[in-house]
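# Breakdown of the fold
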Amino acid sequence: MTDFDLARAFAALDDESALRLVSLKIAAGLDPLAVVKELQTGMDFFSEQCRSGNIFISDLILAGDLFERCMKHLQPRLNGNPASENQPAMVIGTVKGDIHNLGKDIAVVLLKASGFKVHDLGINVQPEAFVQKLKETGAGLLGLSGLITPSFDSMKTTVQAVDSAGLRERVKIIIGGGAVSDLACRYCGADAFCTDAIQGLEWCKMAVSGLKP
């Protein structure tokens, strides 16, 4: 059972092997975040294939279903904080024009397990919907997800909508996805970017703790 057996099984959509390996790794006492990292490595295969147009939507649906079933085994072992009035709140979603959700869903699971109150708006989210939810919840964090490069324009438009609504000074914004970069972050006007859900989680933790990410 090597470090990348699970990633390979996930990338091959080998349900039986992937679920068996998750159970074995849990039984062996591995850090649940390390197991999530292996699942994300497998998911990265789909990100690359999506960008090159080599897989179908049906494959993404199957990958999402497999991920959810793997996480059912892992989630009880991820250390979460009890709900409280002081829970940091975050709004997150895949931006308008993009329907990819695997990376976002991993981030949501990790954020919730780490004590964040997450408002997940789903996929293909209009800028106005992000703004409305930020107003409703008073959340100080906004996560914008997107896999395809045209999503950068939607991310930029969303950041501008947050600014126009007078919320930008109190809301920190992070963009995420396989194609994002420092250049994309600056283009969109976000505060940070991540290509890794665990990296994004650490940034959010620092952001709410008052440290400069």
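Description of the structure in this document. Just so it is clear, the structure is predicted and the values come from calculations on it, not from any experiment. The residue count restarts for each chain, going from 1 along the sequence in the order it is written. Reporting in this predicted model follows two pLDDT cut-offs: at least 70 for local features of residues, and 80 or more for side-chain atom pairs to be given and counted; totals over whole chains, interfaces and linings ignore these cut-offs and use all residues. Water and hydrogen atoms play no part in the side-chain values, which are based on all heavy atoms of the structure.

## Let's talk about the side chain of H100
Under the scheme used here, helices are H or I runs from DSSP no shorter than 4 residues and strands are E runs no shorter than 2 residues, and both carry numbers assigned from the N terminus. One can find H100 in the loop between β1 (89-94) and α5 (102-113). Polar contact is the term for a pair of N or O atoms within 3.5 Å; when the atoms are in protein, one must be able to donate a hydrogen and the other to accept it, and sequence-neighboring residues count only if both atoms are side-chain atoms. One polar contact links H100 to D98, side chain to side chain, over a distance of 2.5 Å.

## Concerning the pattern of salt bridges
When a carboxyl oxygen of Asp or Glu lies within 4 Å of a side-chain nitrogen of Lys or Arg, that pair is called a salt bridge. Applying the stated criterion to the full structure yields 11 salt bridges. The residue E38 makes a salt bridge to K25 at a minimum N-O spacing of 3.1 Å. A residue pair is termed long-range when its members are at least 10 positions apart, and E38 in helix α3 (residues 32-52) and K25 in helix α2 (residues 15-27) qualify at 13 residues. Of the charged contacts, one joins E136 and K133 as a salt bridge, the two residues approaching to 3.2 Å between their closest N and O atoms. Placement of the pair is E136 and K133 together in helix α6 (residues 127-137), with a separation of three residues, close to one helical turn.

## Examining the pairing of strand β4 (residues 172-176)
Most of β4 sits inside the fold, with four of its five residues counted as buried. DSSP bridges decide pairing: two strands pair if at least two such bridges lie between them. Here strand β3 (residues 141-145) pairs with β4 via five bridges, running parallel. Note that in β4 the partner of L144 across the bridge is I175. In this view, the connection linking β3 to its parallel neighbour β4 by way of helix α7 (residues 151-164) has right-handed handedness. Pairing geometry for β4 and strand β5 (residues 192-194), over three bridges, is parallel. Note that in β5 the partner of I174 across the bridge is A192. Handedness of the crossover is the feature at issue here: the chain leaves β4, passes through helix α8 (residues 182-188), returns alongside β5, and the resulting connection is right-handed. The cut-offs for exposure are 20% and 50% of the maximum accessible area for each residue type, with area from a 1.4 Å probe on protein chains only; residues under the lower value are buried, those over the upper are exposed, and the others partly exposed. Think of it like this: strands point away, you trace from the first strand over the helix to the second, and a clockwise trace means the crossover is right-handed.

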